[in-house]
Amino acid sequence: MISRDNGSTPVPAAINLSDVLRGVLHRKVMIIGMTLLFFAGSLAYVNYTKPMYSSEAKILIQNMETPFDRVQAQDIQRSEAGVDDRIVASQIAVLQSSDLGRRVIDELSLASKPEFNSLLAGLGPVSRLKLALGFGEDPRLKTPEQRAFGRYADELTVYQQPNSNVIAVEFSSTNPETAAAVANTLSKTYIQWTRESQAQPTERARDWLSAQIDELRQKLARSEEAVEEFRAEAGLLQGATTTLGTQEISELNTQITLARAASTEARARADSIRDLLNSKGSVDASSDVLASAAVQRLKEQRSDAARRLAELSATYLPGHPKMVAAQGEVNSVDRQIRSEALKVVTSLEEQARVADAREKSLRESLDRLKSAEASANIDDVKLKALEREASADRALLETMLSRFAEASSRQDQSAQPGMARIIQSASVPSTP
């Protein structure tokens, strides 16, 4: 009701609670009818809609590699430091991918269950009416796998736990066992996928290393063959530790030293005997002369002659013929000993001359060998260059073989450490 102030401005009347109640009573039939209608609709929806069960599994994103999986542990440390929110977000996208979804659908045969394939229960009149009016997608135009994946994607929830590298995998289903089975299967399939993703680069690296190793083996064989061919052409034959030329020079130096020492020693012994003969007239102090068998026999004869002279001197005077004969015998033996001593001296001097000649011959051979070795140094430089190339090829081949062995040991998917682990498996829920 509207009143006017001073006959010109309309003023709204105050709301009267009794008028409101009278208005409600006049429309009580409509209000009660609407209330009953909504209650019946809600009751029908609750009875028509099946209860949903949700189950959740949790996955921790981290590098599962240990110091025993790789040769260099520092690479592992760098990988562990590289896990951040972007990597976790990428793994969430992987968990939601259709490839993993199809694996789960195939493993659990979800396409054969009415919940995931609506055509198994047939299209109801309401569904047919909706499709006729143009609402929704016609499931008959999809394959059973596509229908199952559509239901699977609608009920799957994957999210990151706040302030952590933990990913929660939640799935809802009208069957509690199915909810837990899908969450657990998806988690295990994802763990297997991380190992597969690591095994694929390893397999590619192994194939590449195998091709490189075959090529390097051929190259090393050619390099070693070139080294041996050049060594044979240049005459740089290898001894035990050095080339034969260097080894021969060393041996000649040793032989020259021995020849010089033999010459010096023989002359010294001959000079010693001469000095004894000139100074004392006797060679009793010379071991070289006394070692002669002839001198030893003469020494025995002189001893016998000296003994007879001593025995005769006790009876006869020095001028007696027997004394003269005995003394002559002693002097004759002394001359023979001196003669034998001079023969020893001559033999020693001959040894010295032979040693000198040998030294001279060895020095000439050494000079010729040094000249030949000097001309071979250029070839030796080329040979060393070829050997360095062969050594580089050999070192590279050994490195490739070591990496190939490591890649082969990691080829099996079960040997891959992966990059995640399940920290909570989904359990069968008891309440919807």
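Calculation notes
Residues numbered from 1 in each chain as written. Predicted model: local features only at pLDDT ≥ 70, side-chain atom pairs only at ≥ 80, totals over all residues. Heavy atoms only, no water. Helix = DSSP H or I, 4+ residues; strand = E, 2+ residues; numbered from the N terminus. Buried < 20%, exposed > 50% of the residue type's maximum accessible area, 1.4 Å probe, protein only. Contact = heavy atoms within 4.5 Å. Areas by Shrake-Rupley, 256 points an atom, 1.4 Å probe, with all protein chains shown as cover. Core = buried A, V, L, I, M, F, W, Y, C linked by side-chain atoms within 4.5 Å. Axes fitted to C-alpha atoms, helices over the stretch in contact; angles between N-to-C directions. Parallel < 35°, antiparallel > 145°, perpendicular 65-115°, else oblique. Nonpolar A, V, L, I, M, F, W, Y, C, P; charged D, E, K, R; others polar. Phe/Tyr/Trp six-rings, centres within 6.5 Å; stacked < 30°, edge-to-face > 60°. Lys NZ or Arg CZ within 6 Å of the ring centre and 35° of its normal. Patch = residues over 30% accessible without salt bridge, like charges linked within 9 Å, V, L, I, M, F, W, Y side chains within 5 Å. Salt bridge = Lys/Arg side-chain N within 4 Å of Asp/Glu carboxyl O. Arc of directions from axis to C-beta. Polar contact = N/O pair within 3.5 Å; in protein donor to acceptor, adjacent residues only side chain to side chain. Pairing = 2+ DSSP bridges.

### Observations regarding the overall build of the chain
Helices and strands together make up the secondary structure of the chain, namely twelve helices and six strands. For the chain, buried positions account for 28% of its 432 residues. A separation threshold of at least 6 residues defines the contact pool for the chain, and within that pool the share at least 24 residues apart is 75%. When the accessible surface of the chain is totalled, it reaches about 27,600 Å², and 55% of it is carbon and sulfur.

### Thoughts on the nonpolar core
Ile-59, Ile-61, Leu-95, Tyr-152, Leu-186 and Tyr-190 are the most contacted members of the largest nonpolar core, which totals 24 residues. At the level of secondary structure, the elements contributing two or more residues to this core comprise β3 (53–61), α4 (85–95), α5 (98–108), α7 (144–155), β4 (156–160), β5 (166–173) and α8 (176–234). Membership of the second largest hydrophobic core comes to seven residues, among which are Ile-249, Ile-256, Ala-259 and Leu-362.

### A few points about the packing of α5 against α7
For the pair α5 and α7, the least separation of the axes is 10 Å and the interaxial angle reads 110°. The orientation of α5 relative to α7 falls into the category roughly perpendicular. Here Ser-98, Gly-101, Arg-102, Val-104, Ile-105 and Asp-106 of α5 lie close against α7, whose contacting residues are Glu-145, Ala-148, Phe-149 and Tyr-152. Per-class residue counts for the contact of α5 with α7 are five nonpolar, two polar and three charged.

### Focus: the packing of aromatic side chains
Tallied over the entire structure, the rule returns four aromatic pairs. Between Tyr-190 and Trp-193 the ring centres are 6.2 Å apart and the planes differ by 20°, which places this aromatic pair in the stacked class. Within this pair, Tyr-190 and its partner Trp-193 are both found in helix α8, separated by three residues, close to a single helical turn. Among the aromatic residues, those joined into a ring-pair cluster are Phe-116, Phe-149, Tyr-152 and Phe-171. For the cation-ring pair, Arg-102 lies above Phe-149, with the distance from its terminal atom to the ring centre recorded as 5.9 Å.

### What about a nonpolar patch on the surface?
On the surface, Leu-17, Val-20, Leu-21, Val-24, Met-30, Ile-31, Met-34, Leu-37 and Phe-38 cluster together to form a nonpolar patch covering roughly 900 Å² of accessible area. Listing elements by their share of the nonpolar patch, those giving two or more residues are α1 (17–26) and α2 (28–48). Looking at which element gives the most residues to the nonpolar patch, the answer is α2, with five residues. The exposure class assigned to Val-24 is partly exposed, which follows from its relative accessible area of 39%.

### Considerations on α4
Listed as buried for α4 are Val-88, Gln-91, Ile-92, Val-94 and Leu-95. The buried residues of α4 occupy an angular sector of 160° when the element is viewed end-on, so they sit on one face. Where α4 begins, the capping side chain belongs to Asp-84, and its oxygen is found 3.3 Å from the backbone nitrogen of Arg-86.

### Points about the side chain of Gln-161
As for its placement among the helices and strands, Gln-161 is situated in the loop between β4 and β5. We classify Gln-161 as buried; its relative accessible area is 19%. Leave out the neighbours within four places in its chain, and Gln-161 touches Lys-58, Val-166 and Ala-168.

### Notes on the pattern of salt bridges
Going through the model one piece at a time under the given rule, you end up with eight salt bridges. The shortest N-O distance in the salt bridge between Asp-84 and Arg-86 comes to 3.7 Å. Judged by its relative accessible area of 66%, Arg-86 is exposed. The salt bridge involving Arg-151 is made with Glu-155; its shortest N-O contact spans 3.4 Å. Of this pair, Arg-151 and Glu-155 both sit in helix α7, separated by four residues, roughly a single helical turn. Assessed through its relative accessible area of 25%, Arg-151 is described here as partly exposed. Shared partners join several salt bridges into a network, and the residues in it are Asp-99, Arg-102 and Glu-145.

### A word on the environment of Ala-179
Its location among the elements puts Ala-179 in helix α8. With residues near it in sequence (within four places) discarded, Ala-179 still touches Tyr-53, Ser-55, Phe-171 and Ser-173.

### Let's talk about the sheet that holds β4
Across the sheet, which stays open at both edges, the four strands sit in the order β4-β5-β3-β6 with antiparallel pairing between neighbours. One side of each edge strand has no neighbouring strand; the edge strands of this open sheet are β4 and β6 (420–424). Direction aside, the axes of adjacent strands within the sheet are offset by 25° on average. Note that β3 and β6 share four bridges and pair antiparallel. Its bridge partner being in β6, Ile-61 is matched across the sheet by Ala-420. The sheet strands contacting α4 are β3, β4 and β5, and the helix crosses β4 at an angle near 170°. Its contacts with the sheet put α7 on β4 and β5, and the angle it makes with β4 is roughly 40°.

### Looking at unusual backbone geometry
Phi at Ser-109 is positive, roughly 55°, even though this residue is not glycine. Relative to the elements of secondary structure, Ser-109 occurs in the loop between α5 and α6 (125–132). Residue Ser-109 is classed as partly exposed on the basis of its relative accessible area of 39%. For Asn-163, which is not glycine, the phi torsion reads 55° and is therefore positive. Examined against the element boundaries, Asn-163 turns out to sit in the loop between β4 and β5.

### Describing the pairing of β4
Looking at chain direction, β4 and β5 are connected through five bridges and run antiparallel. Bridge pairing in β5 places Thr-157 opposite Glu-170. The turn joining β4 and β5, which pair antiparallel and follow one another in sequence, is formed by five residues; a positive phi near 55° is taken by Asn-163.

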